[in-house]
Amino acid sequence: MSDLWTLFATTPRGLEALLAEEIETLGGQNIKTMRSGVSFMGTRETAYNICLWSRVAGRLLLKLAEFPAETPEDLYAGVQTIDWSAHLMPEGTLAVDCATVQSEISHTHFASLKVKDAIVDQFRDQIGTRPDVELERPDIRVNTYLYRNNATISLDLSGDSLHKRGYRKDGGEAPLKEHLAAALLLKARWPENAQEGNTLLDPMCGSGTLLIEGAMIAGDI
């Protein structure tokens, strides 16, 4: 059996229980609902399935390390304990996202820079060359979460947010995010209704997100 990974899937507030049910059907284990997401264990195959099939998740994060980080120096040192050569080539590209809550390190951009410095310095010290930063389409995206002076460093396995299905370039004036639309349909038991041959109507249709998501659910897409 493949090794189990420690994973975290994000979702809008209030949808955690719905996401937990979905993750269970996709192979997740030891599932725990948390604020704005679900933590769980899963194999590489589980992670792939969630990236492909989750209709409710926003991002899927693979936890690499967790450590105390009260100071920038603590954050830098903790990030350097990770073997980044296992995740990124020296000529590769990276981006760093950061969120901080109730921590001494309160500036997200500064924290992101410290994490980036720790990663590129590790490469430069070991082999004399370093990866570059690429914000749009990096080879890896590193997620940093600081909560009460404790840092969690993860790889973002989803690339763009999973609510971006790829069928729409621009949103409407009052866009409904695709994973929220899908969640509303799941709550309304649309999958069961679709199997029974019933019709989905949206009398307040704007850019058609509910109807598109409904069609994808009905077609098992």
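This text goes with the structure placed above it.
The structure contained in this document is the topic of the report that follows. (Residues numbered from 1 in each chain as written. Predicted model: local features only at pLDDT ≥ 70, side-chain atom pairs only at ≥ 80, totals over all residues. Heavy atoms only, no water.)

What follows concerns the overall build of the protein. For the protein, the count of helices and strands is seven helices and eight strands. With the C-alpha coordinates of the protein rotated into their principal frame, the extents come out at 60 × 40 × 35 Å. Here the protein, with 221 residues, has 42% of them falling under the buried criterion. Of the contacts made within the protein by residues no fewer than 6 positions apart, 71% connect residues no fewer than 24 positions apart. Of the roughly 12600 Å² of accessible surface on the protein, 50% is carried by carbon and sulfur atoms. A gap of 3 Å separates the mean positions of the 21 positive and 31 negative side-chain charges of the protein. (Helix = DSSP H or I, 4+ residues; strand = E, 2+ residues; numbered from the N terminus. Buried < 20%, exposed > 50% of the residue type's maximum accessible area, 1.4 Å probe, protein only. Contact = heavy atoms within 4.5 Å. Areas by Shrake-Rupley, 256 points an atom, 1.4 Å probe, with all protein chains shown as cover. Lys, Arg positive; Asp, Glu negative; His and termini not counted. Charge placed at Lys NZ, Arg CZ, Asp CG, Glu CD.)

Next up on the list: the packing of helix α3 (residues 72-80) against helix α4 (residues 108-127). In the contact formed by α3 and α4, the axes pass within 9 Å of each other and the chain directions differ by 40°. By the angle class used here, α3 and α4 are oblique. For the pair α3 and α4, the crossing hand works out as right-handed. Packed against α3, whose contacting residues are P72, L75, Y76, V79 and Q80, the element α4 presents F110, A111, K114, V115, D117, A118, I119, D121 and Q122 at the interface. (Axes fitted to C-alpha atoms, helices over the stretch in contact; angles between N-to-C directions. Parallel < 35°, antiparallel > 145°, perpendicular 65-115°, else oblique. Left-handed = near helix turned anticlockwise from the far one by under 90°.)

In this section: the pattern of salt bridges. Under the defined criterion, the tally for this structure stands at eight salt bridges. As a salt-bridge pair, R59 and D156 come within 2.6 Å of each other at their nearest N and O atoms. In this pair, R59 sits in the loop between α2 (44-53) and β4 (60-68) while D156 sits in strand β8 (residues 150-156), placing the two residues 97 residues apart along the sequence. Looking at R59, the relative accessible area reads 24%, which means it is partly exposed. For D156, a relative accessible area of 8% gives the class buried. (Salt bridge = Lys/Arg side-chain N within 4 Å of Asp/Glu carboxyl O.)

Moving on: the packing of aromatic side chains. The tally for this structure, following the rule as stated, stands at one aromatic pair. On the numbers, 6.2 Å between centres and 5° between planes, the contact of Y145 with Y147 is stacked. (Phe/Tyr/Trp six-rings, centres within 6.5 Å; stacked < 30°, edge-to-face > 60°.)

Another aspect to go through is the pairing of β8. The element β8 is extensively covered by neighbouring structure, given that six of its seven residues are classed as buried. Bridging between β4 and β8 involves seven bridges; their strand directions are antiparallel. The residue of β8 that forms the bridge with L61 is D156. As judged from the six bridges shared by strand β7 (residues 140-147) and β8, these two strands associate in the antiparallel manner. Across the sheet, N143 pairs through a bridge with S154, a residue of β8. Counted along the chain from β7 to the antiparallel partner β8, the turn is two residues long, and its residue R148 has a positive phi close to 50°. (Pairing = 2+ DSSP bridges.)

Another aspect to go through is the nonpolar core. Counting 43 residues, the largest nonpolar core has L75, V79, W84 and V142 as the members making the most contacts within it. Among the elements that make up this core, the one with the highest residue count is α4 (six residues). Non-local contacts of L75, meaning those with residues more than four positions away in its chain, are made with F67, A69, I105, A111, K114, V115, T144, L146 and A151. (Core = buried A, V, L, I, M, F, W, Y, C linked by side-chain atoms within 4.5 Å.)

The next thing to look at is unusual backbone geometry. The bulk of non-glycine residues show a negative phi, and the bulk of peptide bonds are trans. Despite not being glycine, Q102 has its phi angle at roughly 50°, a positive value. Among the structural elements, Q102 can be located in the loop between β5 (93-101) and α4. The class of Q102 is exposed, set by a relative accessible area of 56%. If you check the backbone angles, D220 has positive phi at about 55° while not being a glycine. Within the secondary structure layout, D220 lies in the segment after α7 (209-218).

So, about the packing of helix α5 (residues 178-187) against α7. Look at α5 against α7: their axes get within 9 Å of each other, and the N-to-C directions meet at 65°. By crossing handedness, the relation of α5 to α7 is classed as right-handed. Within the contact between the two elements, α5 uses E178, A181, A182, L184, L185 and L186 and α7 uses T209, L210, E213, G214 and I217. The class makeup of the residues in the contact of α5 with α7 is seven nonpolar, two polar and two charged. (Nonpolar A, V, L, I, M, F, W, Y, C, P; charged D, E, K, R; others polar.)

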